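Now for the letters of each chain:
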Amino acid sequence: MNISGKNAIVTGGGRGLGKAVALALANEGVHIAITGRNEENLKHTVEEIKNLGVNAVYAVFNVDDEAEVKKGIESLGEELGGVDILINNAGIGDFGSIEEMSSETWEQVIKTNLFGVYYAAKAVYPFMKAKGEGDIVNVSSTAGLKGGPNMSAYAASKAAVVSLSQSMMAEWRKQNIRVITLTPSTIASDMSIQGGLTDGNPDKVLQPEDFAEWVRDILKMNRRALIANASIFSTNP
Ligand SMILES: NC(=O)c1ccc[n+]([C@@H]2O[C@H](COP(=O)([O-])OP(=O)(O)OC[C@H]3O[C@@H](n4cnc5c(N)ncnc54)[C@H](OP(=O)(O)O)[C@@H]3O)[C@@H](O)[C@H]2O)c1
């Protein structure tokens, strides 16, 4: 499918996987809105996106605050003139043992990763309903399919995203909204490198561009086709 001329919002689009997806979609002619907390990153990324010849705007908000998310998404939707695609990507990775991680940190991971996805999707839904179609990509993780040591908060948040996303898919497919649940394995980024999950070696480990090409290709499938759940791994890390 040609996706040129569509409008996409990418949460956490100022850096990492979100930025790579924003650039890959812009290369297809998609107009882009990115969100995050760091305005400098957002400004730089918006300039990079505009150089690809599409409209690009940004909004600064914390995804764990429902009122901020609603206001931010609504203003971006109005600036773009509608929303066709939401990449629900913003998230944090805090790793540590159950006894050592503070309860505040544990709660914050759930708030950001789970409530952030819920608030953004809920705020975008009226735009898609009005248009009669849309695509929502919810970024979970292989950690959401199986927990492991030192990742209890992250794994629980991402498992909840899988479940939320499946419910969203079941409810909204009747409005021609494709809800896609992605469970990528480790990809080189600030989160995975600073979290000690990988050295990010580009000869071995998935890079943000690989993730972005995957998302782009899923979105380009004919609208009758819905990739409901999918994973991606490094071949031989
Ligand atoms: N990298 C991996 O190995 C991997 C694997 C599986 C799944 N994932 C998932 O992929 C997504 C992107 O990860 P990444 O690797 O690109 O991480 P990253 O490099 O750490 O980037 C995280 C992004 O999320 C935004 N963000 C974080 N907390 C936020 C908040 N409270 N409010 C608003 N924005 C917030 C950040 O924006 P600001 O800096 O502007 O706040 C940033 O753009 C996450 O959901 C992550 O869990 C990553």
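Residues numbered from 1 in each chain as written. Predicted model: local features only at pLDDT ≥ 70, side-chain atom pairs only at ≥ 80, totals over all residues.

- The name an unreviewed UniProt entry gives the protein is 3-ketoacyl-ACP reductase, with Chryseobacterium soli as the organism.
- On record in UniProt, under Sequence similarities (unreviewed entry), the comment for the protein is "Belongs to the short-chain dehydrogenases/reductases (SDR) family." (UniProt positions renumbered as here; feature names shortened; annotations may be inferred.)

Quick word on the overall build of the protein
Then, in step 1: Regarding its fold elements, the protein presents seven helices and seven strands.
Then, in step 2: Along the protein, from the amino end to the carboxyl end, the secondary structure elements read β-α-β-α-β-α-β-α-β-α-β-α-α-β.
Then, in step 3: Taken against the 2.2 N^0.38 rule, which gives 18 Å for 237 residues, the C-alpha radius of gyration of the protein at 17 Å falls within 12% of a compact globule.
Then, in step 4: Once the C-alpha set of the protein is aligned to its principal axes, its extents read approximately 50 × 35 × 35 Å.
Then, in step 5: Evaluated residue by residue, the protein yields a buried proportion of 46% over its 237 residues. (Helix = DSSP H or I, 4+ residues; strand = E, 2+ residues; numbered from the N terminus. Rg over C-alpha atoms; globule rule 2.2 N^0.38 Å. Buried ≥ 20, exposed ≤ 12 C-beta atoms within 10 Å, placed from the backbone.)

What to know about helix α5 (residues 152–172)
Helical geometry: 3.6 residues make up each α-helical turn, so side chains three or four residues apart lie on a common side.
Then, in step 1: Along its 21 residues, α5 runs 30 Å from first to last C-alpha, staying within 8% of the 30 Å computed at 1.5 Å per residue.
Then, in step 2: Those residues of α5 that are buried are in contact with α4 (103–131), β5 (134–139) and β6 (177–184). (Expected span 1.5 Å × (residues − 1). Contact = placed C-beta atoms within 7 Å.)

Observations concerning the nonpolar core
Then, in step 1: One finds Val21, Ile32, Ala120 and Val124 to be the most contacted residues of the largest nonpolar core, which totals 61 residues.
Then, in step 2: With ten residues, the top contributor of residues to this core is α4.
Then, in step 3: Setting aside anything within four residues of it in sequence, one finds Ile32 in contact with Ala8, Val10, Ala22, Leu25, Ala26, Ile49, Val54 and Ala56.
Then, in step 4: Counting residues in hydrophobic clusters, the runner-up holds seven residues, among them Ala143, Ala153, Tyr154 and Ala155. (Core = buried A, V, L, I, M, F, W, Y, C linked by C-beta atoms within 7 Å.)

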